[in-house]
Amino acid sequence: MTGNVAVVGGGIAGLETAVRLKALGWNPIIIEKSSSLGGHVAEWNCLFPDLAPADKLVKELVDAADGIEIHTDTEIASIFYTRKSYSIVLSDGSRFMCDSLVLATGFSLFQAEKKEEYGYGIYDHVITNRDLELWFNTGSDERVPSDPKAIGFVHCVGSRDIKAGNTQCSKVCCITAIKQAIELKEKFPKAEIYCFYMDLRLFGRKYEDFYIRAQRDMGIHFIRGRVSEVSETIDGRVFVKAEDTLSGKPLRVSLDLLVLMAGIVCNRENTTLAESISVQTDEDGFFRSRDNITHITESDRPGVFFAGTCTGPKTIPETLAEARSAAISVDAYLKSLK
Amino acid sequence: MDFGFSLSPSSAVNLDRTDMSLYEMLCDREPTARTCIGCGSCSATCTASAISGMSVRKVLLGIQRGQYREVEKMLSHCMLCGKCTMVCPRGVNTRHLILELCRLYGNSEGEL
Ligand SMILES: Cc1cc2nc3c(=O)[nH]c(=O)nc-3n(C[C@H](O)[C@H](O)[C@H](O)COP(=O)(O)OP(=O)(O)OC[C@H]3O[C@@H](n4cnc5c(N)ncnc54)[C@H](O)[C@@H]3O)c2cc1C
Ligand code: SF4
Ligand code: SF4
Ligand code: SF4
């Protein structure tokens, strides 16, 4: 045996798995299709629930991965299973044998333009949660006005929506909306901020406290009702229609900025990857775990493991915990081969 | 006479035109009002609710939606028994809130 483990994806799940595998004495090889490491987290600014800087977390993980073989701008070109090990050829031409694979290919953000009624890419002041994080990082986005008087957040964009092809709840966007609403209120104290929600799903520790802070200290308004339609006013503002379901009345408001909470959907490449190594994806496109309670990080195929959001929406602490768990499972598997 | 807040008559809610100053004044006097989650425990337990439609939940929502008349009517049925305060999961000081709101209405001398 070689002791090599191919880790597909260099987001936080892939990085953490690789770092742990290395510490356990194995030789992880990270394959990352983009030109940089850190995945989605590298795009975020501050993280819920403590507003910790995302770049610090990514830097710590990348530093810890020092000395690990990493191929960026690279994908798996071909993969064969022979005599209990995998023969892998990468798109950069390199090839190696490995005994085990960890798939850490993450998620895709729902493409908000698919929900045409919300006007993303059509109206001037409609952005996504991702755009807002990038704006927090760079300060440049023409769609964000300099002195907004009213701002809205639309929850569940592309999540919990059969027509959008995703029945699942994305789990992180309620708390992200609250985080971003608080951050915008701090930047624009005079702006009224409205969150339009179907249900507020604030499951994690400290999340409800964050919600209370948004209500009590920041005066953010929570309106129970799904935005049905968005249009643009003659002066270029965003006009929103929803039902205020708690009072049972139709509700209208015009805003200077509308933020769409685009959801976590499966990475479409999972399907091809799954076929090439004979593991399964579920109807929702996420990888299928051997068991959804006891063996989330294991596939049906011995030697192939999962880490992070490639098996469904997860927060960062959940992703990291899973990555560690996957490393332990790989370790046990490799020891069993000896 | 100008009391700093005005009436918004419509069956639809238009937040562009809804005057939030009564709500803001109330929140200044009773900050826990902001943390209501609309759970309805207060109305469910209220003795006056069944016969009069009194509901702290609806009162709080109503003053954010410009429904001042309806709110005033509800308030007039409250007996200040405090059962709603006891059951509220968010610790909203409902009894004090009702009292303060009655004072604000009293000050407005029928302008609402
Ligand atoms: C708007 C938003 C804000 C968020 N904010 C927070 C927060 O504040 N706190 C928190 O706890 N969580 C937050 N999350 C969740 C967090 O982003 C995820 O938990 C985290 O990104 C999961 O990491 P991952 O490595 O599983 O996936 P990803 O971040 O998606 O990384 C996957 C990596 O794999 C690579 N890859 C994909 N396919 C291939 C392939 N075929 N070959 C090679 N490489 C591939 C990708 O390029 C990427 O680098 C947020 C999520 C969203 C949507
Ligand atoms: S976390 Fe909240 S916003 Fe996101 S899909 Fe679930 S309910 Fe909707
Ligand atoms: S204090 Fe008023 S609103 Fe509250 S339970 Fe008693 S009667 Fe009902
Ligand atoms: S019980 Fe408290 S939180 Fe629930 S609706 Fe009444 S005031 Fe609001």
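Conventions we followed
Residues numbered from 1 in each chain as written. Chains lettered and ligands numbered in written order. Predicted model: local features only at pLDDT ≥ 70, side-chain atom pairs only at ≥ 80, totals over all residues. Heavy atoms only, no water. Near = heavy atom within 4 Å. Helix = DSSP H or I, 4+ residues; strand = E, 2+ residues; numbered from the N terminus. Nonpolar A, V, L, I, M, F, W, Y, C, P; charged D, E, K, R; others polar. Domains from an automatic or database assignment. Buried area = accessible area lost by both parts, 1.4 Å probe. Salt bridge = Lys/Arg side-chain N within 4 Å of Asp/Glu carboxyl O. Polar contact = N/O pair within 3.5 Å; in protein donor to acceptor, adjacent residues only side chain to side chain. Buried < 20%, exposed > 50% of the residue type's maximum accessible area, 1.4 Å probe, protein only. Contact = heavy atoms within 4.5 Å. Axes fitted to C-alpha atoms, helices over the stretch in contact; angles between N-to-C directions. Left-handed = near helix turned anticlockwise from the far one by under 90°.

1. Notes on the site of ligand 2
All names here are of chain A.
Okay, so step 1: As a matter of local geometry, ligand 2 sits amid His155, Cys156, Ser159, Arg160, Cys169, Ser170, Lys171, Cys173, Cys174, Asp199 and Arg201.
Okay, so step 2: Contributing elements (two or more residues each) for the shell around ligand 2: strand E12 (150–157) and helix H4 (173–187).
Okay, so step 3: Residues belonging to the shell around ligand 2 are distributed by class as follows: four nonpolar, three polar and four charged.

2. Digging into the domain arrangement of chain A
Residue and element names in this part refer to chain A.
Okay, so step 1: Partitioning chain A into structural domains gives domain 1 (4–107 + 266–337) and domain 2 (112–264).
Okay, so step 2: One C-alpha centre belongs to domain 1, the other to domain 2, and the line joining them spans 32 Å.
Okay, so step 3: Summed over both sides, the interface of domain 1 with domain 2 buries roughly 1700 Å², with 61% coming from carbon and sulfur.
Okay, so step 4: If you sort the residues of domain 1 by the area they bury against domain 2, Glu43, Phe48 and Pro313 come out on top, with a joint share of 34%.
Okay, so step 5: On inspection of domain 1 and its partner domain 2, the count reaches three salt bridges.
Okay, so step 6: Of the charged contacts, one joins Glu318 and Lys171 as a salt bridge, the two residues approaching to 3.1 Å between their closest N and O atoms.
Okay, so step 7: Here domain 1 and domain 2 share eight residue pairs in polar contact (both at pLDDT 80 or more) between them.

3. A few points about the environment of Phe196(A)
All names here are of chain A.
Okay, so step 1: Position of Phe196 relative to the elements: it lies in strand E13 (residues 192–197).
Okay, so step 2: Exposure remark for Phe196: the relative accessible area of 1% places this residue in the buried category.
Okay, so step 3: In contact with Phe196, other than residues within four places in its own chain, are Phe153, Val154, His155, Ile223, Gly225, Val227, Val240, Ala242, Leu251 and Val253.

4. Points about the packing of helix H1 (residues 12–23) of chain A against helix H2 (residues 54–64) of chain A
The geometry of a pair of packed helices is captured by two quantities: the angle between their axes and the separation between those axes.
All names here are of chain A.
Okay, so step 1: Orientation of H1 relative to H2, taken along the N-to-C sense of each, is 35°, at an axis distance of 9 Å. Relative to H2, the crossing made by H1 is left-handed. Side by side, H1 and H2 meet where Ile12, Leu15, Glu16 and Val19 of the first sit next to Leu57, Leu61, Val62 and Ala64 of the second.
Okay, so step 2: Tallied by class, residues from the contact of H1 with H2 come to seven nonpolar, no polar and one charged.

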